[in-house]
Amino acid sequence: MLEELYNTAHEHRLGGGVLAKILNSVISALSELSTHMNECMDYARWSRIVGVVDGLFDLLNDNPQMILSLSVEEDNENVSNADQPYKIHGSALMNVHLLDSEFTKMLQNADYYSTDYVEKLKGEKELCALIDKSVDYVDQRIDDGIFTQEEICKLYMLKIEHLCYKVHLAFRVCIVRENVGRGAVSTKLACTTVILNYRTSLLFFIFLSLR
């Protein structure tokens, strides 16, 4: 229903403020379907939220004057007056953290030796792309005062964590595919290449940092 409302608002050109407000509501509605803290999202719904959050960042990038921030009180929101900057209460970065947390829970609840686990691991590519987009967005708007220091620090830590664990995940894909009989030899060779490239890039990064 909310997604249909978004399409209608977009079709009638109701403005970026209304669209951002609807996208925030869509994300909240999809996220709250998991009512229990120990219950993880199913992969299809998780991937769907990734797409909505990605669309939210596109909307924010297309409307650089728009402010989506926790510092905006709901009573002071501006979602319709195009003569002034749109202001919406919320945090795009918190959505990224939510998706990262749910991704971890999905993997923890999946059978390590199943093809389902391998399929869910593919979600890391989507998540990393979203993290990169959010980091770029923060870098562009960091001086606008719309993020808290906690939001910024957590996002950069998220970026570092996924960079550090990428090799570990590559190894895990190799192990799983070997156990389920899905071409372990070629996968190992591919993972070896990934690891060598990663180590080379990491050494280069350390070298630049020490200069």
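These numbers were taken from a predicted model, which means no experiment stands behind them.

> I would appreciate a short explanation of the overall build of the chain in the present structure.
If you tally the helices and strands in the chain, you get 8 helices and 2 strands. Going from the N terminus to the C terminus, the chain shows its helices and strands as α-α-α-β-β-α-α-α-α-α. Split into buried and exposed, the 211 residues of the chain put 40% on the buried side. For the chain, the proportion of contacts with a sequence separation of at least 24, taken over those separated by at least 6, is 62%. Surface exposure of the chain reaches about 12600 Å², of which carbon and sulfur atoms provide 56%.

> Help me understand the packing of helix α2 (residues 16-31) against helix α3 (residues 43-62) in this model?
A packed helix pair is summarised by two numbers, namely the angle formed by the two axes and the spacing between the axes. Packing of α2 against α3 brings their axes to within 10 Å, and their N-to-C directions diverge by 160°. The angle between the axes of α2 and α3 places the two elements in the roughly antiparallel class. The way α2 lies across α3 gives a crossing that is left-handed. In this structure, α2 contributes Gly-16, Leu-19, Ala-20, Leu-23, Asn-24, Val-26, Ile-27, Leu-30 and Ser-31 to the contact, and α3 contributes Arg-45, Arg-48, Ile-49, Val-52, Val-53, Gly-55, Leu-56 and Leu-59. By residue class, the composition of the contact of α2 with α3 is 11 nonpolar, 4 polar and 2 charged.

> So what exactly am I meant to see when it comes to the side chain of Asp-100 here?
Tracing the chain through its elements places Asp-100 in helix α4 (residues 92-108). Notably, Asp-100 is buried but unbridged: the nearest opposite-charge side chain belongs to Lys-154, and the N-O separation is 11 Å. Sequence-distant contacts of Asp-100, that is, excluding residues within four places in its chain, are made with Leu-127, Leu-158 and His-162.

> Sorry, what's going on with empty space enclosed by the protein here?
Inspection of the entire model under this criterion finds 1 cavity of 30 Å³ or more. Here the largest cavity is characterised by a volume of approximately 40 Å³. As for the largest cavity, its lining consists of Leu-60, Leu-68, Ser-69, Ser-91, Ala-92, Leu-93, Tyr-137, Ile-146, Phe-147 and Glu-151. Where the lining of the largest cavity is concerned, the elements lending two or more residues are β1 (67-69) and α4. Residue composition of the lining of the largest cavity, by class: 7 nonpolar, 2 polar and 1 charged.

Scoring rules and cut-offs
- Residues numbered from 1 in each chain as written.
- Predicted model: local features only at pLDDT ≥ 70, side-chain atom pairs only at ≥ 80, totals over all residues.
- Heavy atoms only, no water.
- Helix = DSSP H or I, 4+ residues; strand = E, 2+ residues; numbered from the N terminus.
- Buried < 20%, exposed > 50% of the residue type's maximum accessible area, 1.4 Å probe, protein only.
- Contact = heavy atoms within 4.5 Å.
- Areas by Shrake-Rupley, 256 points an atom, 1.4 Å probe, with all protein chains shown as cover.
- Axes fitted to C-alpha atoms, helices over the stretch in contact; angles between N-to-C directions.
- Parallel < 35°, antiparallel > 145°, perpendicular 65-115°, else oblique.
- Left-handed = near helix turned anticlockwise from the far one by under 90°.
- Nonpolar A, V, L, I, M, F, W, Y, C, P; charged D, E, K, R; others polar.
- Lys, Arg positive; Asp, Glu negative; His and termini not counted.
- Salt bridge = Lys/Arg side-chain N within 4 Å of Asp/Glu carboxyl O.
- 1 Å grid on protein atoms, 1.4 Å probe; cavity = no way out; pocket = protein on both sides within 12 Å on 5 of 7 lines; lining within 4 Å.
- Points joined across faces, edges and corners; volume = space filled by probe spheres on them.

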